[in-house]
Amino acid sequence: MKRLPTMKQLQYLVALADTEHFGRAAQRCYITQSTLSAGIRDLESVLGTPVAERSNRQVLMTRVGARVAERAKVLLRDADEIMEVAKAGRDPMTGEIRLGVIPTIAPFLLPRVLPLLREQYPALTFYLREEQTAPLLARLEGGELEAALIALPYDTDGLRIETVMEDEFLFACGPAHPLAGRDEVPVEALEGEALLLLEEGHCLRGHALEVCGVGDRRTRAQFEASSLHTLVQMVAAGIGVTLVPRLAVEARILEGTRISLARLGAPASRRIGLAWRRRSGRAEDFQSLAGALRELTDAA
């Protein structure tokens, strides 16, 4: 019978490929460095070829080693999903969910819904990671996360998406701004305004620009921030205007300021959705979770 690599050997290989360091790879696998080295040597014996070039200072993956490591990541993820299928079949909505959430959703939605989700599903535990959309989806596709709460539109090819809520954009300006006090502001009024935006990497930046016209140079970003809270304080200081999601407003992000809010003359919103891998064995759990989130946000 042909000898095949073990799952443990493949885990060691993936850790070594990711860290390019035997010590850090061993720490990731919660084993000693000598155990990891022995496992890699055994794998090389099974494969009949080296997977890494070793020196005193660094580890370089061979071409074969790098290719095998990429295939091993897929195989390990599939094995993990096999266990998810079994667990979901035994006990739906129990165990752990590794959930990613983007920064423009996490602080405004999670405090509202997590306590209620705990009441509804007491046997379910959430492990949360807050990160921008692109790295979050990379972790989801790589198996580090099981689901993610993201804002749409966004390229989610290969993922299943269930809409949780629509989140309206509101125009925000300081109390001394000429547009302050209005109930509604036409999008055309944003032309030439000092628009304050989140920095590159935040999908809310792209959504805001789309409202104003993608690539429209008439709308200039005078200031870029890493958080909505910073943008709000800059608007309150009269430095410019911005678009704020209603979700953040309902979470009292404007508390303590005299910022003026208005609806936009044209429909302007982002869609918040729960994303997971199409082949995930917990699809039914995630559909139930998305449904629960819809009910909780509608009731709030």
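Engineer: Just give me the short version of the overall build of the protein, but keep the residues and values in it.
Structural biologist: What the protein contains, in helices and strands, is 10 helices and 12 strands. The dimensions of the protein, computed from C-alpha atoms along their principal axes, are 80 × 45 × 30 Å. Burial status across the protein gives 46% buried among its 300 residues. When contacts within the protein are restricted to residue pairs at least 6 apart in sequence, those whose partners lie at least 24 apart make up 75%. Summed over its atoms, the accessible surface of the protein is roughly 15,800 Å², and 49% of this surface lies on carbon and sulfur atoms.

Engineer: Can you lay out the confidence of the model for the protein for me, pointing to particular residues and giving the numbers?
Structural biologist: Taken residue by residue, the protein gives an average pLDDT of 89. The fraction at 70 or more is 93%. Across residues 214–219, where pLDDT falls below 50, the model places six contacts with residues more than four positions away in sequence or in other chains.

Engineer: Report on the pattern of salt bridges, specifying residues and quantitative values.
Structural biologist: Scanning the entire structure with this criterion turns up 20 salt bridges. Here Arg279 makes a salt bridge to Asp78, at a shortest N to O gap of 3.1 Å. With a gap of 201 residues between them, Arg279 in the loop between β12 (269–277) and α10 (283–299) and Asp78 in helix α4 (residues 63–90) connect regions that are remote in the sequence. Judged by relative accessible area, Arg279 falls into the exposed class, the value being 52%. Exposure remark for Asp78: the relative accessible area of 24% places this residue in the partly exposed category. Across the pair Asp285 and Arg282 runs a salt bridge, and its minimum N-O distance is 3.3 Å. Across the pair, exposure class does not vary: Asp285 and Arg282 are buried alike. It is possible to trace a salt-bridge network through shared partners that takes in Asp18, Arg28, Glu70 and Lys73.

Engineer: Describe unusual backbone geometry, and please don't skip the residues or the numbers.
Structural biologist: That bond from Leu152 to Pro153 is cis: its omega, 10°, falls within 30 degrees of zero. Within the fold, Pro153 resides in the loop between β5 (147–152) and β6 (159–173). Phi is positive for Tyr30, which is not a glycine, with a value near 60°. Considering the arrangement of structural elements, one finds Tyr30 in the loop between α2 (22–29) and α3 (33–47). Judged by its relative accessible area of 76%, Tyr30 is exposed. A positive phi angle is found at Arg252, which is not glycine, with a value near 70°. Its location among the elements puts Arg252 in the loop between α9 (246–250) and β11 (260–264). Overall, the relative accessible area of 56% leaves Arg252 in the exposed class.

Engineer: Give a detailed account of the pairing of β12, specifying residues and quantitative values.
Structural biologist: Most of β12 sits inside the fold, with seven of its nine residues counted as buried. Alignment of β5 against β12, held across five bridges, turns out to be antiparallel. Across the sheet, residue Ala148 finds its bridge partner in β12, namely Ala275. Both β6 and β12 contribute to a ladder of nine bridges, which runs antiparallel. Bridge assignment links Glu166 to a residue of β12, and that residue is Arg271.

Engineer: Talk me through the packing of aromatic side chains; I want residue IDs and the actual numbers.
Structural biologist: In the structure shown here, the tally under the stated rule is one aromatic pair. On the basis of an interplanar angle of 45° and a centroid distance of 5.6 Å, the ring pair of Trp276 and Phe286 is categorised as tilted. Note that Trp276 is positioned in strand β12 and Phe286 in helix α10, a separation of 10 residues in sequence. Here the two residues Trp276 and Phe286 agree in accessibility, since each one is buried.

Engineer: So what's going on with α3? Residues and values would help.
Structural biologist: With 15 residues, α3 extends 21 Å from end C-alpha to end C-alpha; this agrees with the ideal 21 Å at 1.5 Å per step. Here α3 has its buried residues at Leu36, Ser37, Gly39, Ile40, Leu43, Glu44 and Val46. The elements touched by buried residues of α3 are α1 (7–19), α2 and β1 (52–54).

Cut-offs applied
Residues numbered from 1 in each chain as written. Predicted model: local features only at pLDDT ≥ 70, side-chain atom pairs only at ≥ 80, totals over all residues. Heavy atoms only, no water. Helix = DSSP H or I, 4+ residues; strand = E, 2+ residues; numbered from the N terminus. Buried < 20%, exposed > 50% of the residue type's maximum accessible area, 1.4 Å probe, protein only. Contact = heavy atoms within 4.5 Å. Areas by Shrake-Rupley, 256 points an atom, 1.4 Å probe, with all protein chains shown as cover. pLDDT = per-residue confidence, 0-100. Salt bridge = Lys/Arg side-chain N within 4 Å of Asp/Glu carboxyl O. Pairing = 2+ DSSP bridges. Phe/Tyr/Trp six-rings, centres within 6.5 Å; stacked < 30°, edge-to-face > 60°. Expected span 1.5 Å × (residues − 1).

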